[in-house]
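Each chain is listed here by its residues.
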Amino acid sequence: MTQQTWDEVGGLLPHDEFRAASEAIVANIEQVIEGKTATVRLALAVLLAEGHLLIEDVPGVGKTKLAKALARSIDCSVRRIQFTPDLLPSDVTGVSVYNQETHDFEFRPGAVFANLVVGDEINRASPKTQSALLECMEERQVTVDGVTYQLQTPFMVIATQNPIEMEGTYPLPEAQRDRFTARIAMGYPDVGAELAMLDGHGATDPLDQLRPVSDAATVRRLIATVRQVHVADAVKQYAIDLVTATREAPDLRLGASPRATLQLLRTARAVAALEGRDYVLPDDLQALAVPVLAHRIIPTADAQLARRTTDAIVSDLVHRLPLPNDRKRSPYDTRPAGGNGRGPYEPRRP
Amino acid sequence: MTRHRNLGLVAAGATLLAAAPLSAIFEHWTWLIESAIAVGVVAGAAALARALRAPLWGQVLGMLAGLTLALTWLFPAGSEILAVLPTPATFAHFSELLGGSVRDMRSYGVEVPDTPPLLFITVLGVGAVAVVVDLLTVGLRRPALAGLPMLAIYSVPVAVYVDNVPPVPFVIGAVGYLWLLGADNVDRVRRFGRRFTGDGRDVDVWEASPLAAAGRRLAVLGVAVAVLLPLVPVPGMNGSLLDSLSSGNGSGNGTGRPGQGGAPGKIDLFAALSGQLNESEVADLVKVTTNEPSPFYLRFGVADELKSSGFEVTNPTGRPVTRDLPNPTVRDVGGVERRQYEATVEVTRDLDMPLLPVYSEPIRTEDLNSSWLYDDDRQIVFSNRENSRGKRYSFDYVRSTYSPAALRAARKLPADHPLVRRQQTKTPPVPQVTELVNRLVQGKATEYDKVRAIYDYFSSDNGFSYQLRTEGGTSGEDIVDFLTNKVGFCQQYAAAMGWLVRAAGIPARVAFGFTSGSNRNGNTYTLTNRNLHAWTEVYFDGIGWVPFDATPAYGVPGSTRSTWAPDTDAPDPLPDQPGAPNTGTDPEESPGAVGSEREDQDTDAGLALGEETPTEQAPVWPWWAAGSLLLLLVLALPALRRLALRRRRGRRAPAAVAATEPDVGVGPAAGRRMVVVGADADQARADAHAVWDELLDTLVDYRVPVDRTETPRATADRLIGGVLSGHAESVDAMRLLGRAEERARYARDPLTGEPLAPALRAVRGTLAAAAGRRTRLLAAVLPPSVLQRWRLTVADASGRMVAVTGQARHRLLRWNPRRLLADRAAR
């Protein structure tokens, strides 16, 4: 198995080729998932940002369908893991078995050895099994019996989970959730889309007719291009402000991690590139704040009692946080001087 | 109870502080001591009543009883029991004192001496205020109302000094009031809980709470505004402090007495023994018409207290001029001829004194109200409330002329004569003067001969000459310097002669007034500041005050000499020899008008008039015009600033030309970046920022909300969806502006080659059209963007200042001694 290491991404794609490739993937997925362009683009952005995607929603809105459609649109190796309570870590990572012919132990790769790994109903597996994903998701490698195996590029875990059911599920541990770049919700389709779905899906499953429109090599080039997107200092500052604000917010017990900052910017790059820009805007960060940050933070007991969801808290922060302006102090800044870069919840010192 | 006691003490202290303005009225500080005793007794009575848990009316009764006891002890009638318990005689005495106080108020000018009636009414007033303040503060818990009785005290000096009241006592009084408010508030807070700072620390009793900082700042600001507001010179408003401050110089040795200082139109009544006359301008001060053929000097002031630097004015006492004035013809003395004349005086607006010029001695006045008082002894007309500006009045007067023989007949004053008792013969001890006087009066038998010897001494034969400036000396005594240098003007001559005559044991004083001047039109004399003059008056027993003018006549236009005091320098045949006075009888009875012929010289200004006396009434309208212009300018400042800002930004952002930049997307051909930025990228960035700033300011001006959390793109979208919707051109322009700013801020390469200025104009036009008329007007006249920025700057500065002072105060508080006194348990 010739493994390509992570950094060996392909060359840059010209603008129009990038656009064509990315639009083709989006259009392909949209044959299956109608009326969810934004969600689909976000899913693609996570792929291009070299991240992992957690799709969380009620049953039956097409979580698994989106995951499968994305996987099928790209001509690369796809594995699916159905997370069940009796799933073992070795089923995920792989196991060494004794080969009687060679009289040696032989590594049998698990399900994660693929470009796209679809983990369905991830919260139904025990934390023990869920933890098997920790190493591969962050470090893109698997270590079994002291031997480390690199994973392929691109590598993306698309997991789905159901937030409603509590019985027989194991909520993802914080460390695991932090490894998912973004958590998206599908949401119900609007009336028109649902009607089209009835028409189209009535007889056959469109997923079956889905043909790949891209391949791993193209995706690698897409990723390489995304990495070149420019991020101005002000935008970096804004990302830091945003993450700092979650750490200082009184409603939150746990704020976002530095990894979150990193992934926020990466995803923002991908979104910018998908929109045809070669620079990131604070608008991108604002749009991504909820998908990227909300699943990592933990509200305080008070906020939970007040039924404030993490989505609401993060979106509230985004609306309060002033844009960093490194040119000069804005005349509309009503806070005392030197307040730039300070979270809105900084306690007042007398 | 402890709290009540504390608050009661604060109320007493605040009352005393509020009484500070009375210091401007009294000459001495006795009133303060007696008032403090009364207030202390009242506070003690209140505390006692409260300790006994007396009801409110009981407390009031207790305080009134305390005040009565204090008054009884301070102003006894002699029949009290145990010196403090009043008897009916005491109350009779009180009512007498009250009557007397009314009389004294009318007769004394400020600053008043310590007369028992005046002290009584003062202590009674302050004590009553203390009762009311205590009642309002502790009893009714309405300390804000306590400001009214305190204000009543303050209104006393205001009523006395019409022009200006010294600001310092007002500040002290205000501090007392604020103290009361603060103490009450602290007490209130402590009633229901603890005092704490914003960061959760407790505040000690002795500490000022940081949470109340805004209130304290407001209080200080209020007092400062109240003090400083009168300083702002407003045309047409008199008595502005600034006027008197700026004109304090040039008027010789100012005594600084209220109403007699160097304010414009005010004459410094101080006969200095050294100084310089500095009169560059001539102003008509008085126009006098009299039927006396050749009148002696017009008089208005008297200085009768001798200091080593000269004669000083003391406070006159008197009775209203509307009553009959003493007629000197009743004390008929042989050799003194008295004739009655009448005169009309018109004072111009340039003479502003609490005194009126009259010929001595007036016996009846017309057109003057009862606020003008006449001092019998000093023979002057004065007022504590009014001033002479623009007054016109007439009076009858008696002119006395004295024959030397009659004067020579005057005996030496007995030692118990009131004038001797009032130290009118007292001089500072200067041995050289005593020696000189002893030499001059040696062998002179009569008082008149002694005076003449001294008078004659100031002659040109002895080297005395007239000069507008004295010369310095090394003796340390102005009098010795003058007698050595022998040059000076009327003040020195009058004061020196007065001194010498006093040294000879004869009462003397310096009178101020006008000579008859050189501008005579029929019976009317127009007198200017150059005719101001000072001369000596000597008291002869049984005759009265007799004028002597020792100043060399050639320096004084309109100088008038008399038979009893002839011109010592005149080359006349009179056997006037210094040291050998004329002993012969002078046949001439009428005062000889030996007016100097050198009137054209016209140099003697006699007395220094406060500078800034305009030659003629300056028209007021330029002031108003300049003021209005200044006001307009100040009002126009924000608009001008806005214009300047717009111009600067506009200059920076020309419709940038050239710059053919292909829309740089993601990675052009095979990873080669081929960005061609025509114009300078930095310049393009700056232009975009300038235009964006201008757009934001425009938004603020037109009351379109500006959100700091919004990105340029979001702002543009909001405007496009809101105000600009429907205006295709503006929508495109706005999109362009948003894109330009966004690229300038966040992209590698800014947008160039787009005409930003026209886009801005289009957006601006649409915004203006959408705004109401009022908003448009405000945006043009008082642009909110500029005002907001200024406000922000001020807020920043004040915030920094508060932080700095807060730290300093915190450090200082460590050394606060009250920290040791405060019982922390009482918190």
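For the structure itself, look to the data block above.
Residues numbered from 1 in each chain as written. Chains lettered and ligands numbered in written order. Predicted model: local features only at pLDDT ≥ 70, side-chain atom pairs only at ≥ 80, totals over all residues.

**Student:** Any chance you could break down the overall build of chain A for me, citing the residues and the numbers?
**Tutor:** When you go through chain A residue by residue, the secondary structure sums to 15 helices and 13 strands. Out of the 350 residues belonging to chain A, those deemed buried represent 43%. The contacts in chain A between residues at least 6 apart in sequence include a share of 79% that link residues at least 24 apart. (Helix = DSSP H or I, 4+ residues; strand = E, 2+ residues; numbered from the N terminus. Buried ≥ 20, exposed ≤ 12 C-beta atoms within 10 Å, placed from the backbone. Contact = placed C-beta atoms within 7 Å.)

**Student:** Tell me about unusual backbone geometry, and name the residues and values.
**Tutor:** Generally, phi is negative for residues other than glycine and the peptide bonds are trans, each holding for most cases. With omega at -5°, the peptide bond leading from Thr153(A) into Pro154(A) counts as cis. Summarising the element assignment, Pro154(A) is placed in the loop between β8 (147–150) and β9 (156–161). Of note in the backbone geometry, Glu121(A) takes a positive phi value of approximately 50° without being a glycine. Residue placement: Glu121(A) occurs in the loop between β6 (116–120) and α5 (127–130). Given 19 C-beta atoms within 10 Å, Glu121(A) falls into the partly exposed group. Phi at Ala83(B) is positive, roughly 70°, even though this residue is not glycine. Topologically, Ala83(B) is positioned in the loop between α3 (56–74) and α4 (88–107).

**Student:** For the sheet that holds strand β12 (residues 392–402) of chain B, give the residues involved together with the corresponding values.
**Tutor:** Read from one edge to the other, the open sheet built from 6 strands follows the order β9-β12-β7-β2-β17-β16 (chain B), with strand pairing classed as antiparallel. Two strands close off the open sheet at either side, each with one partner strand: β9 (362–366) and β16 (520–521) of chain B. (Pairing = 2+ DSSP bridges.)

**Student:** Can you lay out the pairing of strand β15 (residues 508–514) of chain B for me, pointing to particular residues and giving the numbers?
**Tutor:** All names here are of chain B. Within β15, 7 of the 7 residues are buried, leaving the element largely enclosed by the surrounding structure. On β15, burial covers both faces: Ala-508, Val-510, Phe-512 and Phe-514 on one face and Arg-509, Ala-511 and Gly-513 on the other are all buried. As paired strands, strand β3 (residues 298–303) and β15 are joined by 5 bridges and run antiparallel to one another. Across the sheet, residue Arg-299 finds its bridge partner in β15, namely Gly-513. Pairing between β15 and strand β18 (residues 532–540): 7 bridges, direction antiparallel.

**Student:** Any details on the nonpolar core? Residues and values, ideally.
**Tutor:** The biggest cluster of nonpolar side chains holds 93 residues, and the ones touching the most others in it are Ala43(A), Leu48(A), Leu53(A) and Ile158(A). Looking at this core, the element that brings in the most residues is helix α12 (residues 258–274) of chain A, giving 9 residues. For this core, the two domains that each supply at least three residues are domain 1 (1–203 + 213–228) and domain 2 (229–322) of chain A. Excluding its chain neighbours within four sequence positions, the residues that come into contact with Leu48(A) are Leu222(A), Ile223(A), Val226(A), Ala270(A) and Ala273(A). By size, the runner-up hydrophobic cluster in this structure holds 90 residues, among which are Leu285(B), Val286(B), Ala303(B) and Ala343(B). (Core = buried A, V, L, I, M, F, W, Y, C linked by C-beta atoms within 7 Å. Domains from an automatic or database assignment.)

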